[in-house]
Amino acid sequence: MRKLADGGPKLRESMCLKVPKQYGEKTLILANRLKIVNNGIEIQRDQDFVYIPLVRKPSGDESRNLKEQVAGCKLSTYVFRERKKHEPSLIELLEDKLPPHLLASLPHSADFVGDIAIIEVSPELDPHKKIIGEAILKTNKNVRTVLAKAGAVSGTYRLREFSVIAGEAKTETVHKEYGCQYHVDVAKVYFSPRLSYEHNRVASLVKKGETVIDLFTGVGPFAIQIAKNRENVEVYAVDVNPHAIEYLKRNIRLNRVEEKVHPILGDARRVVNEKLFGVADRVIMNLPEKAIEFVDASCKAMKPSGGVAHFYCFVDASDSLDNVKGRFVEAVEKWGRKVEEILFFRRVRATAPCEWQIVVDARIH
Ligand SMILES: C[S@@+](CC[C@H](N)C(=O)[O-])C[C@H]1O[C@@H](n2cnc3c(N)ncnc32)[C@H](O)[C@@H]1O
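Residues numbered from 1 in each chain as written. Predicted model: local features only at pLDDT ≥ 70, side-chain atom pairs only at ≥ 80, totals over all residues. Heavy atoms only, no water.

Trainee: Mind laying out the site of the ligand, listing which residues take part and the relevant values?
Mentor: Taken together, 20 residues surround the ligand, and among them His199, Phe216, Asp239, Asp267 and Ala268 come closest. A distance of 2.8 Å is found between an oxygen atom of the ligand and a side-chain nitrogen or oxygen belonging to histidine 199. For the ligand, an oxygen atom lies 3.0 Å from a polar atom in the side chain of asparagine 286. Relative to its free-state accessible area of 600 Å², the ligand is covered by the protein chains to the extent of 97%. Among the residues making up the shell around the ligand, the classes are represented as 11 nonpolar, 7 polar and 2 charged. (Near = heavy atom within 4 Å. Polar contact = N/O pair within 3.5 Å; in protein donor to acceptor, adjacent residues only side chain to side chain. Areas by Shrake-Rupley, 256 points an atom, 1.4 Å probe, with all protein chains shown as cover. Nonpolar A, V, L, I, M, F, W, Y, C, P; charged D, E, K, R; others polar.)

Trainee: How would you sum up helix α1 (residues 24-33)? Please name residues and give values.
Mentor: Of all the 10 residues making up α1, 7 are buried; the element is thus mostly covered by neighbouring parts of the structure. Residues of α1 that are buried include every one of Gly24, Thr27, Leu28, Ile29, Leu30, Ala31 and Asn32, and no others. Close packing links the buried residues of α1 with β2 (11-20), β4 (49-53), α2 (60-69), α3 (90-94) and α4 (100-103). Note on α1: the residue one or two positions beyond its end, lysine 35, has a positive phi of about 55°. (Buried < 20%, exposed > 50% of the residue type's maximum accessible area, 1.4 Å probe, protein only. Helix = DSSP H or I, 4+ residues; strand = E, 2+ residues; numbered from the N terminus. Contact = heavy atoms within 4.5 Å.)

Trainee: Could you give me a rundown of the environment of asparagine 32, with the residues and numbers involved?
Mentor: Along the polypeptide, asparagine 32 turns up in helix α1. Taking the relative accessible area as the measure of exposure, asparagine 32 reaches 7% and is therefore buried. As for asparagine 32 and histidine 243, which are separated by 211 residues in sequence, their C-alpha atoms are 47 Å apart.

Trainee: Please provide a residue-by-residue account of the domain arrangement of the protein, values included.
Mentor: By the assigned domains, the protein splits into domain 1 (2-81), domain 2 (90-170) and domain 3 (192-364). When each unit is reduced to the centre of its C-alpha atoms, the spacing between domain 1 and domain 3 is 47 Å. (Domains from an automatic or database assignment.)

Trainee: Talk me through the side chain of threonine 211; I want residue IDs and the actual numbers.
Mentor: Tracing the chain through its elements places threonine 211 in strand β12 (residues 211-214). Residues within four places of threonine 211 in sequence aside, it is in contact with Glu234, Tyr236, Val279, Ala280, Asp281 and Arg282.

Trainee: Can you lay out the pairing of strand β16 (residues 307-316) for me, pointing to particular residues and giving the numbers?
Mentor: Of all 10 residues making up β16, 8 are buried, and the element is well covered by its neighbours. Sheet topology places strand β15 (residues 282-285) next to β16; 4 bridges connect them, and they run parallel. Of the residues in β16, the one forming a bridge with methionine 285 is phenylalanine 311. This β-α-β element, β15 to helix α10 (residues 295-301) to β16, shows right-handed connectivity. (Pairing = 2+ DSSP bridges. Right-handed = clockwise from strand over helix to strand, strands pointing away.)

Trainee: Outline the environment of valine 153, supporting the account with residue identities and numerical values.
Mentor: Mapped onto the fold, valine 153 is located in the loop between β8 (145-149) and β9 (162-167). A relative accessible area of 27% means that valine 153 is categorised as partly exposed. Here the alpha-carbon distance between valine 153 and isoleucine 29, two residues 124 residues apart in the chain, equals 34 Å.

Trainee: A description of the sheet that holds strand β5 (residues 74-81) should follow, citing residues and the corresponding values.
Mentor: If you trace the 4 strands from one edge of the open sheet to the other, you get β3-β4-β2-β5, paired in antiparallel fashion. Each end of this open sheet is capped by a strand with a single partner; those strands are β3 (44-45) and β5. Across 5 bridges, β2 lies against β4 in antiparallel orientation. Residue cysteine 16 lies in a different strand from β4, and its bridge partner there is proline 53. Its contacts with the sheet put α1 on β2 and β4, and the angle it makes with β2 is roughly 115°. (Axes fitted to C-alpha atoms, helices over the stretch in contact; angles between N-to-C directions.)

Trainee: Go over the packing of aromatic side chains, please, and point to the residues and values.
Mentor: Inspection of the entire model under this criterion finds 7 aromatic pairs. Relative to phenylalanine 191, the ring of tyrosine 182 lies with its centre 6.2 Å away and its plane at 45°, an arrangement referred to as tilted. Of the residues examined, phenylalanine 191 reaches a relative accessible area of 11% and is grouped as buried. An aromatic cluster of at least three residues, connected via ring pairs, comprises Phe49, Tyr51, Tyr78 and Phe80. For the cation-ring pair, lysine 18 lies above phenylalanine 49, with the distance from its terminal atom to the ring centre recorded as 4.5 Å. Across from the ring centre of phenylalanine 294, 4.6 Å away, lies the NZ or CZ of arginine 269, which sits over that ring. (Phe/Tyr/Trp six-rings, centres within 6.5 Å; stacked < 30°, edge-to-face > 60°. Lys NZ or Arg CZ within 6 Å of the ring centre and 35° of its normal.)

Printed below as a string of structure tokens:
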């Protein structure tokens, strides 16, 4: 998830509006309408206040009006960072086209997959999504297509529907991540740029000579990064979605890891039972909504001497990390193995208002 506008360095003291941070957005909209915002320098924030730089002092009437509408709004000075070159923000591009209450609900960020920007459009903005998409194309020069999410991630293949709201009518692109490239069609295979840190974190833990099984590989971001950056490894990359395996094969060629990554189409449990029993030093289980149901496959896939599991799951915000670890340890023990050590765990990202994706790394004996 990246913000939809950028800024630049150099410092400059300037007159500004200082407002309690909860009123920052409302004040910006009002100040933009008065055409008093200095767009050459960046708005600043501290713990309590937002500082909006001004090109001129507001007139007496304007000042009174601002103070009436925004509690705690004051004229002040502050040291701002200059923008190298002013790129208009989404709000600036749309301020003449949308009423203020709709400007306030514009998306602040997008997922960028290659040259595709993916945004969530709130229902009240739905009739205006085309002009929002056009504005995103203008403010993000590397973007060729803007997609709006048209549903939740669902089904065995973990897909979501999209509608093209601006630019080229496509859902396929090439995404770059930590020196690797991935062909991906976001309508046919699961891919999230928000997992890039995880892909890199897990890849960096793999040791020379390991055999790794990526049980739910998608287009292969774990498998390919491991193969590209670690020496003398074998990676078995499994997925049940035929499109995912087709893209994975293209990505294996694109990243020149044909010798190290072995794509396998099929259900993870069946593939382990038939082909990958007792071979792995490390198993990656990135199917958060169901990974707990595949702990048996993961235990069977590991060498008799044991190995490391990377277990992903979704939890309620009210659920503790200790409960998650407990459920995982219990599931491993049910399949006749033991968790020797919990090596690491963390919240990966918020996935819904009260839901987190969690990862647990564990040494299994
Ligand atoms: C959340 S995605 C993870 C993709 C990838 N690991 C990544 O980081 O981008 C889960 C993947 O598991 C696959 N999948 C779901 N059920 C499966 C099963 N029983 N066996 C193998 N793959 C499965 C889906 O098709 C999907 O591509």
